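Structural overview for review
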Amino acid sequence: MKLILALCALVALAECIKVPLIKGKSARQALREKGLWEEYRLKFPYNPTGKFAAQNGVESMTNDADLSYYGVISIGTPPQSFQVVFDSGSSNLWVPSTSCSSQACQNHNQFNPSQSSTFQTNNQALSISYGTGSMTGILGYDTVQVGGITVQNQVFGLSETEAPFMAYMQSDGILGLAYSSISSDGATPVFDNMMSQNLVSQDIFSVYLSPNGQQGSVVMFGELDSSYYTGNIYWIPLSSETYYQVTMDSVTINGQTVACSGGCQAIVDTGTSLIVGPTSDISNINSWLGATTDQYGDSTVSCSSVQSLPAITFTLNGYSFTIPASSYISQESSSCQTGFSGSSDSLWILGDVFIRNYYTIFNRENNSVGLAQVA
Ligand SMILES: *[C@@H]1O[C@H](CO)[C@@H](O)[C@H](O)[C@H]1NC(C)=O
């Protein structure tokens, strides 16, 4: 570990700030394979915008059953490794701890504070609510390594209890990349510390999510890499510095407005897999696609119709971002699901289904998001 880090520093820092992301199974897929999904869905109704309920900064709620892109970080001295979801839709870093006896902690890596010489805590309590349950624990401070960047004195959550469904998450914890204004306990987010400790050459990070089933997804800190995109980067100013929230002008199919008529608010969220919008708008899109919605809220189309489905255009700051059917339909065994999910909230979520089409730059220098067609 030490040797690799030293080499990175000598050779090319740029090679070291890229954190490869793995596309794993989501909790939803794991549950489905075990035949438990429908039971869970009924017990814990899906509430994707549950994470956006608390705008007052007391609780930033993240996560749903679909988190699936994760990468490795380490915490402590000597380093203890964890897989975390890099989530632009929340702001806290947390991992399981050895004081946690929930089932979800038993099948994940646990941070052992007594094994780290640099660990400190004041035992402040932390609680983060999810659509499907909650995580509670305490705050600690330690050295955190992310892709060769070493952040000193990073505050993070050590879980003591975790909701049952987290046992089905592949990642151990979550690394939130949004603004501190929505961080539980006001805990300073990792990227804020990277900026204030001068660990990044520019106050930006960028994300490339590879198409389904392919390797190569990355999150990059302090840099953008032009090999991931083609054409221009289109910049959209944020309308709120909480999530990466922007104003969406409309959603259209073949020039006809099908949703977000008159404008709406949307967030760019790597931690949500689908595109989420208000129920009536999403129903409208799904009916344009000829999709039927089952009792669990999943909308499916006949797989044989995918070829003929239209592209859908999301207009942001006057720029059109069009995604083809091949990117918004996913095949799950014999059924084909649309990537559009309804919620009771007015806020739209442009999740992985959208982001896989656009190399995304989160710009903290001027509070904007840049989108460029993936190469
Ligand atoms: C933000 O910075 C980028 C890159 O420097 C620039 O091209 C863009 O116009 C700026 N966007 C806004 C909204 O100010």
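A quick note: this is a predicted structure, and the numbers were derived from the prediction, not measured. (Residues numbered from 1 in each chain as written. Predicted model: local features only at pLDDT ≥ 70, side-chain atom pairs only at ≥ 80, totals over all residues. Heavy atoms only, no water.)

Next up on the list: the state of the cysteines. Scanning the model with the defined rule gives three disulfides in all. Two residues, Cys 100 and Cys 105, share a disulfide whose sulfurs are 2.0 Å apart. Residues Cys 100 and Cys 105 share a disulfide whose torsion about the S-S bond is about 80 degrees; that sign makes it right-handed. Residue Cys 100 is classed as buried on the basis of its relative accessible area, which comes to 3%. Judged by its relative accessible area of 0%, Cys 105 falls in the buried class. (Disulfide = S-S within 2.5 Å. Buried < 20%, exposed > 50% of the residue type's maximum accessible area, 1.4 Å probe, protein only.)

Here the focus is the confidence of the model for the protein. Per-residue confidence for the protein averages 84 on the pLDDT scale, and 81% of its residues sit at or above 70. Every residue in residues 1-16 scores below 50 in pLDDT, and together they form 10 contacts with partners more than four places removed in sequence or on other chains. (pLDDT = per-residue confidence, 0-100. Contact = heavy atoms within 4.5 Å.)

As a further point, take the site of the ligand. Near the ligand, the surroundings consist of Trp 235, Pro 237, Asn 363, Asn 366 and Ser 368. Separating an oxygen atom of the ligand from a side-chain N or O atom of Trp 235 is a distance of 3.3 Å. One nitrogen or oxygen atom from the side chain of Asn 366 is found 2.4 Å from an oxygen atom belonging to the ligand. Coverage of the ligand by the protein chains reaches 48% of its 360 Å² of free accessible surface. Residue classes in the shell around the ligand are distributed as two nonpolar, three polar and no charged. (Near = heavy atom within 4 Å. Polar contact = N/O pair within 3.5 Å; in protein donor to acceptor, adjacent residues only side chain to side chain. Areas by Shrake-Rupley, 256 points an atom, 1.4 Å probe, with all protein chains shown as cover. Nonpolar A, V, L, I, M, F, W, Y, C, P; charged D, E, K, R; others polar.)

This paragraph deals with the pattern of salt bridges. Per the counting criterion, the structure on display carries one salt bridge. With a shortest N-O distance of 3.2 Å, Asp 192 and Arg 364 are connected by a salt bridge. Of this pair, Asp 192 sits in helix α6 (residues 190-196) while Arg 364 sits in the loop between β25 (358-363) and β26 (368-373), and the two are 172 residues apart along the sequence. A single burial state applies to Asp 192 and to Arg 364, both of which are buried. (Salt bridge = Lys/Arg side-chain N within 4 Å of Asp/Glu carboxyl O. Helix = DSSP H or I, 4+ residues; strand = E, 2+ residues; numbered from the N terminus.)

Strand order in the open sheet made by the four strands is β17-β18-β22-β21, with antiparallel pairing throughout. Either end of the sheet is taken by a strand with one partner, and the two such strands are β17 (292-293) and β21 (329-332). Alignment of β21 against strand β22 (residues 335-338), held across four bridges, turns out to be antiparallel. Following the sheet pairing, Glu 332 is matched in β22 by Ser 335. (Pairing = 2+ DSSP bridges.)

Our next topic: unusual backbone geometry. Geometrically, the link from Thr 77 to Pro 78 is a cis peptide bond, its omega value of -5 degrees lying close to zero. Inspection of the secondary structure puts Pro 78 in the loop between β2 (69-75) and β3 (80-87). The residue Asp 185 is not glycine, and still its phi comes out positive at about 65 degrees. A positive phi angle, near 50 degrees, is found at Asn 367, a position not held by glycine. Position of Asn 367 among the secondary structure elements: in the loop between β25 and β26.

This part takes up the side chain of Ser 183. Its place among the elements puts Ser 183 in the loop between β8 (173-176) and α6. Given a relative accessible area of 1%, Ser 183 falls into the buried group.

Judged by which residues are buried, β8 turns out to be covered on both faces: Gly 173 and Leu 175 on one side and Ile 174 and Gly 176 on the other are all buried. As paired elements, β3 and β8 share four bridges and run parallel to each other. Residue pairing in the sheet places Asp 87 in a bridge with Gly 176 of β8. Pairing geometry for strand β4 (residues 93-96) and β8, over two bridges, is antiparallel. Residue pairing in the sheet places Leu 93 in a bridge with Leu 175 of β8.

Inspection of the secondary structure assignment puts Gly 255 in the loop between β13 (244-253) and β14 (256-259). Sequence separation between Gly 255 and Thr 313 is 58 residues, and the spatial gap between their C-alpha atoms is 8.3 Å.

Here the focus is helix α7 (residues 279-288). Among the residues making up α7, those that are buried are Asp 281, Ile 282, Ile 285 and Asn 286. Burial along α7 is one-sided: seen end-on, the buried residues are contained in an arc of 130 degrees. Note on α7: the residue one or two positions beyond its end, Gly 290, has a positive phi of about 75 degrees. (Arc of directions from axis to C-beta.)

A few words on the nonpolar core. One finds Phe 221, Trp 348 and Phe 354 to be the most contacted residues of the largest nonpolar core, which totals 80 residues. The two domains that each donate at least three residues to this core are domain 1 (18-199) and domain 2 (227-373). Those residues in contact with Phe 354 that lie beyond four places of it in its chain are Ile 275, Phe 314, Leu 316, Phe 321, Ile 323 and Leu 371. Of all hydrophobic cores here, the second largest spans 17 residues; its members include Tyr 70, Val 155, Ala 163 and Tyr 168. (Core = buried A, V, L, I, M, F, W, Y, C linked by side-chain atoms within 4.5 Å. Domains from an automatic or database assignment.)

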